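What follows is each chain in one-letter form.
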Protein chains: 2
Amino acid sequence: MSNQSETKKGITTREEDYSKWYLDVVEAADLAENSSVRGCMVIKPYGYALWENIQKILDAKFKETDVVNAYFPIFIPKSFFEREAEHVEHFAKECAVVTHHRLELDPATGKLNPAGPLEEPLIVRPTSETIIYDTYSRWVQSYRDLPLLINQWVNIVRWEMRTRVFLRTMEFLWQEGHTAHASRQEAEDRAKQMVLVYKDFLENYLAMPVLAGRKTEAEKFAGADYTLCVEAMMQDGKALQAGTSHMLGQNFAKSFNVSFLDEKGERQFVWQTSWGVSTRMIGGLIMTHGDDKGMIMPPKIAPLQAVLVTIFASEEEKKLTVEAAKELAEKLKAAGVIAKVDDRDERPGVKYFEWEKKGVPLRLEVGPKDVAKKQVIAVRRDNGEKAVIGVDEIVKQVKKLLESIQKNLFDRALKNQLANTKEIDDYSKFKKQLEENDVFISSHWCGSAQCEAQIKEETKATIRCIPFNNKAEKGKCLVCGQESKERVIFAKAY
Amino acid sequence: MSNQSETKKGITTREEDYSKWYLDVVEAADLAENSSVRGCMVIKPYGYALWENIQKILDAKFKETDVVNAYFPIFIPKSFFEREAEHVEHFAKECAVVTHHRLELDPATGKLNPAGPLEEPLIVRPTSETIIYDTYSRWVQSYRDLPLLINQWVNIVRWEMRTRVFLRTMEFLWQEGHTAHASRQEAEDRAKQMVLVYKDFLENYLAMPVLAGRKTEAEKFAGADYTLCVEAMMQDGKALQAGTSHMLGQNFAKSFNVSFLDEKGERQFVWQTSWGVSTRMIGGLIMTHGDDKGMIMPPKIAPLQAVLVTIFASEEEKKLTVEAAKELAEKLKAAGVIAKVDDRDERPGVKYFEWEKKGVPLRLEVGPKDVAKKQVIAVRRDNGEKAVIGVDEIVKQVKKLLESIQKNLFDRALKNQLANTKEIDDYSKFKKQLEENDVFISSHWCGSAQCEAQIKEETKATIRCIPFNNKAEKGKCLVCGQESKERVIFAKAY
């Protein structure tokens, strides 16, 4: 809400304290805030508008691949979790447990206490494999019922102890796709297809270059055969897992008896995938593009693409500039540009400052002289460049600038990623590098969980992914010196 | 999912058992089903597509009135509820209480038990006034921060003992709007505005005629000054509350200290409204339009508006009809009609039956003779009328038929409502009427909660609303004979 009382506080610079900078930007850009419930965030209207844009674009991409949406219960009976061993082991540590179904007044204390204990506790979904596959076990009977290609957009609860708005919160919003197939190959193809949908979305809309690849056994989803992922680099050289797609094999199918009669009349278990991205991506978006002035929104996802800021020193000038700005805004809107006029009685600097913090890609200044000259001054948020645009050309020029900003943001992020990815073959250099500053390190690894664990223990770096189409290259494992046939990507991660 | 194994079971007729009919239609139309979690439903893809359409249209209508979306936590601290006396008294009886934040293995039994008890239990939101207004208390400082016009689309949990899919479920989906204003008048206007948005949506999209009006004190929302509502009549003469809009006055503002400095620098409490509609509307939609063959979807909200059913007896005929149908489908889609080809190798009757159950407004039959004659046979779902349409005219004629179906559904429902609304001035006739069959009864009532309670106790009928623009008319209260200045609407309700 642009009309809420302004926070006067400045933004910590990235150099000073990157973590603090991040929180300052979230606040300054009016995206979200912590609520009174520990670890739960309030997504404010401007932040939610960004999520709505993300939903709209991704949802259309899912539907293009024949996925449909549905809705499954938020509560999962405890016993469902217990059916898949790896799954429950992972999620038991961090789940909100509903044990009662009403509150009752204690006359002695005047307080309300939980009452109506449940026979079986219910878990607030930390992910929905179990409840969905229980349903699928009834929906799938024959090969003709397959594939099932279903997604849901919902809220999720994981009881995190250390939370950070967007990046790690007790409650977050996400989508989770759940598919069931008649063959292993079809499921594998789907898992790969969806991680590539995420890569396309992240790169071409959020302007976030990502590495797509496969997780190691230690880093895969609890209950999956294997996990594919997209990993983005933040400006500080740390990694952010931006989306995952799991090949579940027949693990859950066996636990929940999701089976079908094949064309020969034989009973088979289905092959499954699940895949998701969450509001966490917004955290990644901020840390990829933001600068010391605040947020920078890639135009293709921006809730507001161009703001027309009127500049005036008198009522007469106000009338003149606001009228001109409104006319231009209508022109832009008719051409599909999300534009808005800022006609508030504030000094220009105050207005500029606000839209900069919010990361609006393009500012169009409309002063009395500009009106006289039939022009506006366009100022790019990404690099501060100014340009004079004649009003007759406004639609064409604004669109061109927005495209250029979109491209520049991606290029800049990619340049950062490439500049901060290093090939290192020596473990002491590897450790030294991560003590100095965070980067992605491409190193040889023998494939053993032990070496992986030792590196994590000693450096906090984990294997982010084994990239798709990785180059075959003989080498020696960083830690044990055993033979390795390819490099993998190490980094510290959010 | 049209590819799921078909339920062969027939639909109970409405005359036989209206309640059973309703459940049969929900199942036959593949809209939703009960999950393994007592009282929680699974909204199936076809039902969810309907909800997506509802969301899309309503959301645009909200935004036209300057409402923006946001997201607030699902958990509400118990102490928040306790701050508004009426509110907590109502909701304490039916809330899911989270008391622990993990599960721990008991080595003795091998079972997982709730562990990590919370200092303060959390309630899964049954409605979000308290958590949202706690947030508003920080957002609102000055009159310049007002009005706040925020909505959220979320899931809600109310621990209902007797549940029925869509109509009354433990978990449901809804939107809840929450506004804060500087003056009483502005809040009252907003409460009224939103109930009229609902009326417009229900009548012009869902084709459900409604009575808009005000609830009595006994029927208002717990914590409101007063409640406005829209009430629809189901085919069985019972009422369904399809949406409510609450004038909250300053009740919550005082409990949560939502206050602002006005233009004179004086501190004032804000005036608030909240308003919502839920997946319950889908239950109302079924009970308004459905018939003994299944669901009937109003075209403006239908996930599928026209299905092109191909009829063939040989591979050659299949090729011919499918090709023709696909071409027509493309034409229709290009013109904005949601169309689809059914080219399955099933007997025509089987295909017709399925789309009838699902309530697709228009069936277009494409057989080999039709292809030869460059025509299709159009069959309306609402009245079974057939028409021959030349393929050159298909877009125009289909659009015309869809409009006509939309209108007919509304007219039919309105006719039912008018035919089943009776003015009754005598309490024994009133009782007799409700013993015979359910109708809306327009009667005089003195305004006392006692007479209202007695009627509810003796007949199960409640006052559904005091209609807007009610005619002033002197009369005598049904029960006590005291003077009354207007009639109110009584009915049994879902």
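Residues numbered from 1 in each chain as written. Chains lettered and ligands numbered in written order. Predicted model: local features only at pLDDT ≥ 70, side-chain atom pairs only at ≥ 80, totals over all residues. Heavy atoms only, no water.

Caption draft 1: Geometry of the overall build of chain A. Assigned secondary structure in chain A consists of 14 helices and 25 strands. Viewed in the frame of its principal axes, chain A has a C-alpha envelope of about 80 × 70 × 55 Å. Summarising the internal contacts of chain A: among those between residues at least 6 apart in sequence, 70% fall at separations of at least 24. Of the roughly 20,300 Å² of accessible surface on chain A, a fraction of 48% belongs to carbon and sulfur atoms. Side chains of chain A carry 72 positive and 74 negative charges; the gap between the two charge centres is 3 Å. (Helix = DSSP H or I, 4+ residues; strand = E, 2+ residues; numbered from the N terminus. Contact = heavy atoms within 4.5 Å. Areas by Shrake-Rupley, 256 points an atom, 1.4 Å probe, with all protein chains shown as cover. Lys, Arg positive; Asp, Glu negative; His and termini not counted. Charge placed at Lys NZ, Arg CZ, Asp CG, Glu CD.)

Caption draft 2: Quick look at the relation of the copies chain B and chain A. Each copy superposes on the other: chain B lies on chain A with an RMSD of 0.0 Å after a rotation of 180° and an axial shift of 0.0 Å. Each copy turns onto its partner about a two-fold axis. Residue B:Val98, judged by its C-alpha, is the member of chain B lying nearest the rotation axis, at 2.1 Å. (Least-squares fit on C-alpha atoms with pLDDT ≥ 70 in both.)

Caption draft 3: Just the pattern of salt bridges, in detail. Summed over all chains, the structure comprises 73 salt bridges over all chains. A salt bridge links A:Asp24 to A:Lys20; the nearest nitrogen and oxygen atoms lie 3.2 Å apart. With a gap of four residues between them, A:Asp24 and A:Lys20 both fall in helix α1 (residues 18-28), about one helical turn apart. Accessibility expressed as a relative area gives 5% for A:Asp24, which makes it buried. In this structure, B:Asp134 engages B:Arg138 in a salt bridge whose closest nitrogen and oxygen atoms are separated by 3.3 Å. Remark: B:Arg138 and B:Asp134 occur in helix α5 (residues 129-139); sequence separation between them is four residues, near one turn of the helix. Taking relative accessible area as the criterion, B:Asp134 reaches 8% and is therefore assigned buried. (Salt bridge = Lys/Arg side-chain N within 4 Å of Asp/Glu carboxyl O. Buried < 20%, exposed > 50% of the residue type's maximum accessible area, 1.4 Å probe, protein only.)

Caption draft 4: The arrangement of the environment of B:Ala419 in detail. Residues and elements named next belong to chain B. Turning to its location among the elements, Ala 419 is positioned in helix α12 (residues 394-419). Owing to a relative accessible area of 53%, Ala 419 belongs among the exposed residues under this scheme. Residues Ala 419 and Val 67, 352 residues apart in the sequence, show an inter-C-alpha distance of 38 Å.

Caption draft 5: Summary view of the interface of chain B and chain A. If you look at the interface, chain B gives 74 residues, while chain A gives 74 residues. For chain B, the biggest contributors to the area lost against chain A are B:Tyr71, B:Leu103 and B:Trp139; these three give 12% of the whole. The interface formed by chain B and chain A contains two salt bridges. Where A:Glu52 meets B:Lys63, a salt bridge forms, and the shortest distance between an N and an O atom there is 3.1 Å. Linking chain B with chain A are 34 residue pairs in polar contact (both at pLDDT 80 or more). When strand β5 (residues 97-106) of chain A meets strand β5 (residues 97-106) of chain B, the two strands line up antiparallel, connected through three bridges. (Buried area = accessible area lost by both parts, 1.4 Å probe. Polar contact = N/O pair within 3.5 Å; in protein donor to acceptor, adjacent residues only side chain to side chain. Pairing = 2+ DSSP bridges.)

Caption draft 6: Broad picture of the nonpolar core. Core analysis: the biggest nonpolar cluster contains 233 residues, and A:Phe75 and B:Phe75 have the highest contact counts within it. Setting aside anything within four residues of it in sequence, one finds A:Phe75 in contact with A:Val98, A:Leu122, A:Ile123, A:Val124, A:Ile131, B:Val37, B:Cys40, B:Ala96, B:Val124, B:Val157 and B:Met170. (Core = buried A, V, L, I, M, F, W, Y, C linked by side-chain atoms within 4.5 Å.)

Caption draft 7: Expanded view of the packing of aromatic side chains. Applying the stated criterion across every chain, the model contains 32 aromatic pairs over all chains. Ring centres of B:Phe72 and B:Trp139 lie 6.0 Å apart, and the angle between their planes is 45°; on these two criteria the pair is classed as tilted. Taken together, the residues B:Phe72 in the loop between β3 (68-69) and β4 (75-77) and B:Trp139 in helix α5 connect sequence positions 67 residues apart. B:Trp139 gets classed as buried once you look at its relative accessible area, which sits at 5%. Chaining the aromatic ring pairs together yields one cluster made of A:Trp51, A:Phe62, A:Trp153, A:Tyr198 and A:Trp275. When the ring centre of A:Trp21 is taken as origin, the NZ or CZ atom of A:Arg14, which lies over that ring, is 5.9 Å away. A cation sits over an aromatic face here: A:Arg363 above A:Tyr352, 3.8 Å from the ring centre. (Phe/Tyr/Trp six-rings, centres within 6.5 Å; stacked < 30°, edge-to-face > 60°. Lys NZ or Arg CZ within 6 Å of the ring centre and 35° of its normal.)

Caption draft 8: Fine view of helix α10 (residues 348-358) of chain A. Residue and element names in this part refer to chain A. When you tally the buried positions in α10, you get eight out of 11 residues, the bulk of the element. What α10 keeps buried is the set Val 350, Lys 351, Tyr 352, Glu 354, Trp 355, Glu 356, Lys 357 and Lys 358. At its buried positions, α10 is contacted by α1, α2 (45-64), β15 (306-310), β16 (339-342) and β17 (362-366). Count one or two residues on from α10 and you reach Gly 359, which has phi positive near 75°.

Caption draft 9: Inspection of the sheet that holds strand β25 (residues 487-491) of chain A at higher detail. Residues and elements named next belong to chain A. Here we have 11 strands laid out as an open sheet, ordered β3-β7-β8-β14-β11-β10-β9-β22-β25-β21-β20, and mixed in their pairing. Strands at the two margins of the open sheet, each flanked by one partner only, are β3 (68-69) and β20 (421-423). As defined by bridge partners, strand β22 (residues 462-467) adjoins β25 across three bridges and the pair is classed as antiparallel. For Cys 465, the partnering residue across the bridge sits in β25 and is Ile 489.

Caption draft 10: Structural view of the pairing of strand β11 (residues 239-249) of chain A. Residue and element names in this part refer to chain A. Burial runs high along β11: 10 of the 11 residues are buried. As judged from the eight bridges shared by strand β10 (residues 226-233) and β11, these two strands associate in the antiparallel manner. By the bridge assignment for β11, Cys 229 is matched with Thr 244. Hairpin connection between β10 and β11: a loop of five residues separates the two successive antiparallel strands, and Gly 237 in this loop has a positive phi of roughly 85°. Strand direction decides the pairing type here: β11 and strand β14 (residues 271-278), joined by five bridges, are antiparallel.

Keep in mind that these numbers describe shape and distance, not what the molecule does.
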